[in-house]
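What follows is each chain in one-letter form.
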Amino acid sequence: MMAAMPNMLWRGCSLAERLASMRAVRGARFFTDATGEAGATTESGKHQDDHHHHHKLAKGAGMGIGNVRVGLDAIHRIQVQTPAFLAKPKTATIIGAPMTYGQPYAGADRGPQALREKGLHQALIKLGWRIEEAGDVGFEPPGHSAPEYSGPGACNFSYAVGTGCRKLKDLVQKHAAKGNFVLTIGGDHSIAMGSVAGILSVRPNTGVIWVDAHADINSPQTSPTGNMHGMPLGFLTKLVDPTNIPGCEWLKGVPALAPEQLAYVGLRDLDREERNLLKKWNIPAFTMYHVDKFGIGKVMEMVLDYLGNRPLHMSYDIDACDPVIAPSTGTRVRGGLSFREAHYVAEAVAETGRLGSLDMVEINPQLVDQASEGGKQANEDTLDLTLALVGDAFGNRIL
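To keep things clear, this report deals only with the structure shown in the data block.

Criteria and thresholds
Residues numbered from 1 in each chain as written. Predicted model: local features only at pLDDT ≥ 70, side-chain atom pairs only at ≥ 80, totals over all residues. Heavy atoms only, no water. Disulfide = S-S within 2.5 Å. Helix = DSSP H or I, 4+ residues; strand = E, 2+ residues; numbered from the N terminus. Buried < 20%, exposed > 50% of the residue type's maximum accessible area, 1.4 Å probe, protein only. Polar contact = N/O pair within 3.5 Å; in protein donor to acceptor, adjacent residues only side chain to side chain. Expected span 1.5 Å × (residues − 1). Salt bridge = Lys/Arg side-chain N within 4 Å of Asp/Glu carboxyl O. Pairing = 2+ DSSP bridges.

1. Some remarks on the state of the cysteines
For the structure on display, the rule yields zero disulfides. With no disulfide of its own, Cys 165 lies closest to Cys 248 among cysteine sulfurs, the gap being 7.4 Å.

In structure tokens form, the structure reads like this:
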């Protein structure tokens, strides 16, 4: 009976349509022939049309995408152990970090408000959390009079990014010191310089789980672009001397993130010097190859065993997910985490009872044509997934 199921589900569909529907459900990892970015605005129209086409095919082929519960309808509360270092009653501070100067695409600053409008507060309340809304950090845009980096390589808009991250660090530190779970919503991934620095200032032995397609551990000298969303771990590990970077001098007083406090999940797009550094420092870096080889359950078991019995921070870039399920982000790379793999990562970390803070970053609703049917669906899918992943980290489960 099981062997006949695919024929029953796909009756009347061509081979191409069957592969497209599988891609929409499972993720593109096994059904694409190339790896690369599709972030340019000139390509967004084709991308969103493809996404909408796959969405319709999957629904028409009986794959159930049209009937999956999303948003608040998917919230099912269970009692997940909360860390002993958090205060009671359990309270989540929500901080918006609408940073967009760490990368070249406008619109990353719209992520925090879009997620709130999607029902973030209601979801966390439904999961039994008290909410302390801290609002958005006020980031100043780059100015003509701002000091610029003049060393080797490039560090674009360092003063705007660095001073903004200092504001974020102070706010995260304040709320973490009260015993609150701190949820920081980006914005681009450069904001982790501030969020992780704030956590390390309160709990310096925190382990960081970096869920991302990219390693983000460049320096100005090694970065091919000079964009700071590819450098936060370079600053946090003190690979980069912050005293030489305008706007980032404050990082000198923050405890360094040691290599043994860091583990990666979902990597698939690394720069040459990042590869060399990960090997040199022997940092556990689980790429999509390892997810394919071992399965996401074993990967997360190895990550959590490595980090041991310490407080945890998860920095989750939505581009860790395959662009078929999360298209509204700036640096898309094919072959990412599938829908269930993405969920399992957040669920497994939460189940340790040691997760005390979370970043969700790189949601960019502006990269698609929001007036088109495909563009609206792309944004809805990305925001639904993001909200669900946050829910997983706060205790949402299937059963």
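2. Examining the side chain of Ser 223
Summarising the element assignment, Ser 223 is placed in the loop between strand E4 (207–211) and helix H8 (232–236). Ser 223 sits in the buried class, given a relative accessible area of 13%. One polar contact links the side chain of Ser 223 to the main-chain amide nitrogen of Thr 225, over a distance of 3.2 Å. A distance of 2.8 Å separates a polar side-chain atom of Ser 223 from the backbone nitrogen of Gly 226.

3. Focus: helix H12 (residues 339–351)
Its 13 residues give H12 an end-to-end C-alpha distance of 19 Å, which sits within 8% of 18 Å, the value for a rise of 1.5 Å per residue. Two residues or fewer past H12, Gly 353 is found with a positive phi of approximately 75°.

4. Some remarks on the pattern of salt bridges
Counted under the stated rule, the structure contains nine salt bridges. Across the salt bridge formed by Asp 136 and Arg 116, the nearest N and O atoms sit 2.8 Å from each other. Here Arg 116 lies in helix H4 (residues 111–118) and Asp 136 lies in strand E2 (residues 130–136), a separation of 20 residues in the sequence. Taking the relative accessible area as the measure of exposure, Asp 136 reaches 40% and is therefore partly exposed. The class of Arg 116 is buried, set by a relative accessible area of 14%.

5. Considering the pairing of strand E3 (residues 181–186)
Of all six residues that make up E3, six are buried, and the element is covered over most of its length. In E3, alternate side chains face the same way, and those of Phe 181, Leu 183 and Ile 185 on one face and Val 182, Thr 184 and Gly 186 on the other are all buried. Bridge count for strand E1 (residues 91–97) against E3 is six bridges, and the pairing is parallel. Its bridge partner being in E3, Thr 93 is matched across the sheet by Val 182. Direction of pairing for E3 relative to strand E8 (residues 355–361): parallel, over a ladder of four bridges.

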